[in-house]
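Residue-level structural notes
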Amino acid sequence: MNTRFAATILAVSTLAVAACQKKPPEELPPPPQQTTTPTPAPTAGPAAGALGTQQHFTNAVGAANTVVYFDTDRYNIDTSSSAKLQNQGRYFSQHSNLTFTIEGHTDERGTRDYNLALGERRANAAKNYLVSLGIPASRIRTVSYGKERPVELGSNPTAWAQNRRAASVVIN
Amino acid sequence: MKQLFAFAMIFIAAPLAAQNEDLGEAPPEGGAIEIVEESEGLSGSVSFEGNLDDLGIAIPAFATDRNVPTPANQSGTAALGIELARVVTANLRNNGLFEPTGPDALPRPEFAQITSPSWATWSNRGAEMLVHGYVRGRSDGRLTVGCYLYDMALQSELVREGWVVPPADWRRAAHKCSDLIYSRLTGESPFFDSRIAYIAETGPKDNRTKRLAIMDSDGANHRFITTGRSTALTPRYSPDYRQLVYLSYVDGNPRIYVYDIGSGQQTLVTQSENPTFAPRWSPDGRSILYSMAVNGNTDIYRVSAQGGQSQRLTDAPGIDIGGSYSPDGSKIVFESDRSGSQQIYVMDANGSDQQRLSFFGGRAATPEWSPRGDQIAFTHITGDFRIAVMNTNGRNIRHLTNSWQDEAPTWAPNGRIVQFFRTERNSGATGLWQVDLTGENERRLPTPVDASDPAWGPILP
């Protein structure tokens with residue numbers, strides 16, 4: 001593993017844990033044991049798609065880790081999202097030739113123009129987190145679809161929560 | 001060398017081709033309309049003193065001096081005369097104006113009676129007002145259409161006007177006649193002779209096809225501009241109706257394009273790798289406002305309609321988006337979440353003196369300045385999405401609609417009607433609606449498929 005990346009991910013994990021505490025200490029505590037998901041096996045199984053496909057990415061990090069979710073009108077990366085992005089970061093660090101896209105989305109309960117801007121802001125929040133993990137910004141494209149491409153079709157809080165998302169996509 | 005040149009040509013041509021690959025056949029440019037019988041202004045008062053909603057208006061078929069063939073109607077000018085009266089009747093009826101009776105329920109006047117009504121024929125029909133009109137085929141192929149409004153009680157003419165129109169624009173003569181009647185009886189500015197740009201929607205909620213489309217104010221002459229291969233959103237007509245600005249994903253990213261109706265070609269509003277949203281014209285058509293996200297932060301910019309350097313108007317952290325000029329072009333009302341939630345702000349046209357206008361509770365979005373200058377329409381979000389208007393100082397909010405999700409108001413050219421789109425819960429079905437400034441006469445506009453993002457243009461030039 002890239003040592004610079006390993007150091008970065010430790011520091012970021014520390015920050016994420018610190019953010020969970022009610023009162024963050026003035027000085028950061030000593031680095032804890034790494035609590036995030038263990039590094040997934042980079043070797044592709046027989047059923048996996050080739051490197052450079054969304055299938056390969058999904059198999060490596062797990063489908064649930066390819067999408068992060070947001071609260072209504074928010075775009076901050078919470079603890080759950082940071083753990084997912086760390087998984088993505090490890091993958092994109094290992095496969096340093098890959099470029100990928102982060103698609104920002106909103107739920108339907110917003111006006112169209114604003115939601116396009118909000119989706120862009122969410123995609124950028126995810127991008128900036130990955131950049132902080134050492135992934136070069138030049139490898140990450142962002143695109144906002146606003147409220148135009150929901151994955152859940154209902155008009156209820158559960159569906160809306162699934163639609164407020166930033167999805168990382170490898171396009172070959 | 002030749003090879004190199006060919007390569008360079010392809011390289012340069014490729015982005016333009018990609019830019020235009022979602023465009024269908026260009027719509028025809030409108031013909032000019034010539035006024036032949038100038039209105040003589042107000043000639044005496046109207047005798048009717050009741051509620052204008054109850055004003056009976058008889059609109060018999062327009063007469064013709066000689067039934068001649070015309071491309072406007074396969075049965076000739078006589079049949080066209082009936083169609084003209086039907087369009088005028090439908091305009092008034094659909095907008096809840098007066099109590100019109102159309103040509104299908106009335107006798108047909110002779111050509112000579114148009115300037116000299118047979119009062120006895122009309123006096124027992126209960127109508128307070130009488131509309132007469134004529135249509136004549138000209139030797140140059142164009143049509144002359146005349147429109148007269150008579151007060152039955154006074155047995156006198158209130159107003160008259162005539163127009164020479166290309167046959168393809170015959171409906172515009174009917175709209176001009178509707179406007180003449182409406183303006184004379186209400187004292188308000190005209191609005192019928194205008195067009196609407198909007199987004200036509202088809203397909204399931206998670207895979208909607210969204211096409212740029214245009215139509216007349218009554219839904220006629222409907223045309224799709226884009227094929228639907230790429231998502232199109234938020235169109236706006238230029239004040240001279242020669243161009244449309246809108247958002248397209250034609251190159252995979254949300255970008256604002258300026259579409260030229262004459263040439264059928266389009267260009268990016270600004271050469272930038274950043275996404276651009278929410279385009280708007282200045283009232284004089286010389287400037288375009290657009291919003292651009294840079295590293296997730298969206299601000300409002302102004303650029304000349306001819307292109308060139310953009311001027312950044314906002315720099316607050318957060319989303320500043322949209323924008324609608326006051327009719328005199330001196331101010332811009334826009335939307336910002338700098339306070340933590342979407343609210344409405346106003347600034348000078350150069351970006352200075354930014355002040356918050358909306359303090360109503362909930363969120364306030366998509367402000368649009370009335371063409372009359374005295375009101376701002378917007379989307380008020382308090383759980384449900386409702387269309388509301390306020391004074392330009394942010395006072396005196398009034399809700400015009402009450403539904404699950406009504407958004408994106410656009411004004412009739414005379415500032416008396418607000419159009420918007422309504423989304424249905426769960427199904428995601430959308431449609432265009434309009435409502436009077438009084439909150440009355442709410443109705444759905446007929447469109448061939450689902451519809452959103454209406455943008456009502458000014459009176460046609």
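The residue numbering used here restarts from 1 in each chain and proceeds along that chain's sequence as written. Just so you know, chain letters begin at A and ligand numbers begin at 1, following the order they were written in. Only residues with pLDDT of 70 or above have their local features reported here, since the model is predicted, and side-chain atom pairs are shown and tallied only from 80 upward, although totals for entire chains, interfaces and linings are computed over all residues.

Here's the deal with the overall build of chain B
Our working definition: For the purposes of this entry, the term helix denotes a DSSP run of H or I that reaches at least four residues, the term strand denotes a run of E that reaches at least two, and both are numbered from the N terminus. Between the two quantities, the radius of gyration covers C-alpha atoms and the globule rule is 2.2 Å times the number of residues to the power 0.38. With C-beta atoms placed from the backbone, a residue counts as buried when 20 or more other C-beta atoms lie within 10 Å of its own, as exposed when 12 or fewer do, and as partly exposed for counts between those limits.
In terms of regular secondary structure, chain B is built from 4 helices and 30 strands. Computed over its C-alpha atoms, the radius of gyration of chain B comes to 24 Å, within 12% of the 23 Å expected for a compact globule of 461 residues. Here the C-alpha coordinates of chain B stretch approximately 75 × 65 × 40 Å along the principal axes. Each of the 461 residues in chain B was classed as buried or not, and the buried ones make up 48%.

Structural notes on the nonpolar core
Condition: For this analysis, nonpolar core means a set of buried Ala, Val, Leu, Ile, Met, Phe, Trp, Tyr and Cys residues linked through C-beta atoms within 7 Å. A residue pair is marked as a contact if its C-beta atoms, positioned from the backbone, fall within 7 Å.
Within the largest apolar cluster, 98 residues are counted, with the highest numbers of intra-cluster contacts made by A:A126, B:Y198 and B:Y246. In terms of residue count, helix 4 (residues 112-132) of chain A provides more of this core than any other element does, 9 residues in total. B:Y198 has contacts with B:A213, B:P235, B:L432, B:A451, B:S452, B:D453, B:P454 and B:A455, leaving out every residue within four places of it along the chain. Of all hydrophobic cores here, the second largest spans 41 residues; its members include B:A58, B:V88, B:W170 and B:C177.

Examining the environment of B:Q405
Residue and element names in this part refer to chain B. Considering the arrangement of structural elements, one finds Q405 in the loop between strand 25 (398-399) and strand 26 (406-411). Sequence separation of Q405 and H380 is 25 residues, and the distance between their C-alpha atoms is 10.0 Å. Once residues within four sequence positions are removed from consideration, Q405 is found in contact with D384, F385, R422 and T423.

Regarding the domain arrangement of chain B
Residue and element names in this part refer to chain B. Put simply, the rule is: For every domain, the bounds stem from an assignment made automatically or drawn from a database. Residues are grouped as follows: nonpolar covers Ala, Val, Leu, Ile, Met, Phe, Trp, Tyr, Cys and Pro; charged covers Asp, Glu, Lys and Arg; every other residue, Gly included, is treated as polar.
When the domains of chain B are assigned, the result is domain 1 (45-186) and domain 2 (195-456). The gap between the C-alpha centroids of domain 1 and domain 2 is 35 Å. If one sorts the elements of the side of domain 1 that touches domain 2 by residue count, helix 2 (residues 77-94) sits on top with 3 residues. Tallied by class, the residues present in the side of domain 1 that touches domain 2 amount to 1 nonpolar, 4 polar and 1 charged.

Side note on the sheet that holds strand 12 (residues 255-260) of chain B
Residues and elements named next belong to chain B. How we decide: We treat two strands as partners when DSSP finds at least two bridges between them. Throughout, an axis means a line fitted to C-alpha atoms (over the contacting stretch in the case of helices), and angles, computed between N-to-C directions, take values from 0 to 180 degrees.
Taken in spatial order, the 4 strands line up as 10-11-12-13 in an open sheet, and their pairing is antiparallel. Of all the strands in the sheet, just strand 10 (232-237) and strand 13 (266-268) have a single pairing partner and so form its edges. Going from strand to strand, the sheet's axes swing by 25 degrees on average, the running direction of each strand aside. As defined by bridge partners, strand 11 (residues 243-248) adjoins strand 12 across 6 bridges and the pair is classed as antiparallel. Each residue of the ladder has a partner; that of Q243, found in strand 12, is D260.

So, the sheet that holds strand 29 (residues 443-444) of chain B
Residue and element names in this part refer to chain B. The strand order across the open sheet formed by 4 strands is 26-27-28-29, and the pairing between neighbours is antiparallel. Looking along the sheet, the strands with just one partner apiece sit at the ends: strand 26 and strand 29. Relative to strand 28 (residues 430-436), strand 27 (residues 417-423) runs antiparallel, the two sharing 7 bridges. What sits directly across from V418, in strand 28, is V435.

Here's the deal with the interface of chain A and chain B
Listed by partner, the interface residues are 21 residues for chain A and 31 residues for chain B. Looking at the side of chain A that touches chain B, the elements with two or more residues in it are helix 4 and strand 3 (140-146) of chain A. For the side of chain A that touches chain B, the per-class residue count stands at 9 nonpolar, 5 polar and 7 charged.

So, the pairing of strand 10 of chain B
All names here are of chain B. Taking burial as the measure, the 6 residues of strand 10 include 6 buried ones, the bulk of the element. Here strand 10 pairs with strand 11 via 4 bridges, running antiparallel. For R236, the partnering residue across the bridge sits in strand 11 and is V245. Hairpin geometry of strand 10 and strand 11 is characterised by an intervening segment of 5 residues between the two adjacent antiparallel strands and by a positive phi of about 65 degrees at Y241.

Focus: the packing of helix 2 of chain B against helix 4 (residues 170-186) of chain B
Residues and elements named next belong to chain B. The criterion, for reference: By definition in this entry, angles of less than 35 degrees are roughly parallel, angles greater than 145 are roughly antiparallel, angles of 65 to 115 are roughly perpendicular, and the rest are oblique. Should the near helix be turned counterclockwise from the far one by less than a right angle, the crossing is left-handed, whereas a clockwise turn marks it as right-handed.
In contact at an axis separation of 9 Å, helix 2 and helix 4 are set at 45 degrees when each is read in the N-to-C sense. As summarised for this structure, helix 2 and helix 4 are arranged oblique, according to the angle between their axes. As helix 2 packs across helix 4, the resulting crossing turns out to be right-handed. On the side of helix 2, the interface is formed by L80, L84, V87, V88, N91 and L92, while helix 4 contributes W170, R171, A173, A174, H175, C177 and S178.

Description of helix 4 of chain A
Residue and element names in this part refer to chain A. Inclusion rule: The span expected for a helix works out to 1.5 Å for each residue beyond the first.
Relative to the 30 Å expected for 21 residues at 1.5 Å per residue, helix 4 spans 30 Å between its end C-alpha atoms, a close match to the ideal helical length. By the criterion of burial, helix 4 is predominantly enclosed, with 18 of the 21 residues buried. Positive backbone phi, at 105 degrees, marks G134, one or two positions downstream of helix 4.

Some remarks on unusual backbone geometry
Residues and elements named next belong to chain B. The phi dihedral of N221 falls on the positive side, at around 55 degrees, and the residue is not glycine. Note on placement: N221 falls in the loop between strand 8 (209-216) and strand 9 (223-224). With a phi angle near 50 degrees, T366 is a residue other than glycine that sits in the positive phi range. On the secondary structure map, T366 appears in strand 22 (residues 363-369).

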